[in-house]
Every structure is written in structure tokens, then in C-alpha cells.
Amino acid sequence: MYEVGALLVYDTTGVCRVDDIGIPEGMSLQDKTRKYYKLSPVFGSGTIYIPVDTRVFMRPVISREEAETLIRKIPEIQEEDTCDIHNQKVLEDHYKASIHTHECEDLVQLIKTVYAKKRKLEQRGKKTGKTDQQYMKRAKELLHEELATALEIPLDDVEGYISGVLEQQR
């Protein structure tokens, strides 16, 4: 069980803070003994109530050291060749599976994959599709939220931070 104040990655919502643990007041619940996490998205708005014993994915945010290691490892993470996937449903399922692993390295791979695909398509005078754009955007949001939290930097500074670290490695 997580503690109040813990920072978690909650499913595909992103980084959330545990604000409270208990039985929510004013909710019509069938089981009044079941405890709930009250979560607040760190980079969004609203409140999420989720049973403590839920099967929905939750894990602690990576540590600062893990974030720094991941960033240094970015050049080694290989993109996949998705140019041959012409069926949009298959492509979407592939991208969705990458996001649902909830692993930062898989998010980096998805982002790099779409960037590589975009470059190849631009060389032929074409544009990336909506599916590619949507999933790259979501992968970047999830990755940057977690990195910003782990590194304790503003969300808007994540790209610059990554670029700075990678520049120093060259």
C-alpha cells in the first residue's frame, strides 16, 4: 500500500500524488469498508478515487538516479521500423502496447520510432499519420511528466535537460 504524499504513475493518466487513503465521503459505494486512494494528477486537474486493491496499474515514480541513467541511455535505445505497418489498427495496437508497459524505456523507443518514421516520410515528401502523431505526443507527455517529477524540474524544462545531458555525452 502506498503512503499519503507518494508520487505514482497511475495507468495512462500519468503522475499522481496520493492525497488521502480511506473511505470517500459522499460517494454512493456498495462496499463502505473498502479503502480508496484519493489521487491528484500532478500535471493535470481533477481527483481520482481508486480502490486500494485495484488491478489498475500503479507504480512509484522512478528515482532521480533512474531518470538520469535513462537519459544517458537514450542514444542506445533503438527505434523500431514501423514503416511497413500499413494497417492503422495494427499500428495503433502496437503503439498502445508500448504505452501500456508503463516503462520509460518503451516510451523513449516509441518516441524515437515515430521521429525516425517522420524523417523517412519527409524525405519522400510525405507526412506522418494522425496515429503516429497522437501516440508520440502521449508518450512524450507521460515520459516528460515522470522525468520532471523524478528530477524535480519544471515540465517545460525536461526537453532542454535531456538535450543538455546528451550534448555533454558527445
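Scope of this entry: the structure provided in the associated data block. All values reported here derive from a predicted model rather than from experimental measurement.

**Structural notes on the sheet that holds strand β2 (residues 14-22)**
So, point 1. Strand order in the open sheet formed by 5 strands is β4-β3-β2-β1-β5, with antiparallel pairing between adjacent strands. Looking at which strands have only one partner, the edges of the open sheet turn out to be β4 (48-51) and β5 (58-60). If you compare each strand with its neighbour and ignore which way they point, the axes differ by 40° on average.
So, point 2. Summarising the sheet, strand β3 (residues 36-41) and β4 pair through 4 bridges and their orientation is antiparallel. Bridge pairing in β4 links Y36 to P51.
So, point 3. Set on the sheet, helix α4 (residues 130-151) makes contact with β1 (7-10), β2 and β5; between it and β2 the angle comes to about 60°.

**What about the packing of aromatic side chains?**
So, point 1. This model, assessed by the stated rule, comprises 2 aromatic pairs.
So, point 2. Ring geometry for Y2 against Y37: centres 6.0 Å apart, planes inclined by 50°, an arrangement best described as tilted. Of this pair, Y2 sits in the segment before β1 while Y37 sits in strand β3, placing them 35 residues apart in sequence.
So, point 3. For Y37, a relative accessible area of 1% corresponds to the buried category.

**Description of the pattern of salt bridges**
So, point 1. Per the stated rule, a full pass over the model turns up 9 salt bridges.
So, point 2. For R34, the salt bridge is made with D53, and the minimal N-O distance between the two is 2.9 Å. Of this pair, R34 sits in the loop between β2 and β3 while D53 is found in the loop between β4 and β5, placing the two residues 19 residues apart along the sequence.
So, point 3. According to the relative accessible area criterion, R34 is partly exposed, its value standing at 30%.
So, point 4. For E105, the salt bridge is made with K73, and the minimal N-O distance between the two is 2.8 Å. In this pair, E105 sits in helix α3 (residues 104-123) while K73 sits in helix α1 (residues 64-73), placing the two residues 32 residues apart along the sequence.
So, point 5. Salt bridges here are not isolated pairs; linked through shared partners, they connect K137, R138 and E141.

**A word on the pairing of β2**
So, point 1. Examined bridge by bridge, β1 and β2 share 4 bridges and lie antiparallel to one another. Each residue of the ladder has a partner; that of L7, found in β2, is R17.
So, point 2. Taking the residues between adjacent antiparallel strands as the criterion, β1 and β2 are bridged by 3 residues, where D11 takes a positive phi near 45°.
So, point 3. Bridge count between β2 and β3: 6 bridges; the pairing is antiparallel. What sits directly across from C16, in β3, is P41.

Reading the values: the criteria
Residues numbered from 1 in each chain as written. Predicted model: local features only at pLDDT ≥ 70, side-chain atom pairs only at ≥ 80, totals over all residues. Heavy atoms only, no water. Pairing = 2+ DSSP bridges. Helix = DSSP H or I, 4+ residues; strand = E, 2+ residues; numbered from the N terminus. Axes fitted to C-alpha atoms, helices over the stretch in contact; angles between N-to-C directions. Contact = heavy atoms within 4.5 Å. Phe/Tyr/Trp six-rings, centres within 6.5 Å; stacked < 30°, edge-to-face > 60°. Buried < 20%, exposed > 50% of the residue type's maximum accessible area, 1.4 Å probe, protein only. Salt bridge = Lys/Arg side-chain N within 4 Å of Asp/Glu carboxyl O.

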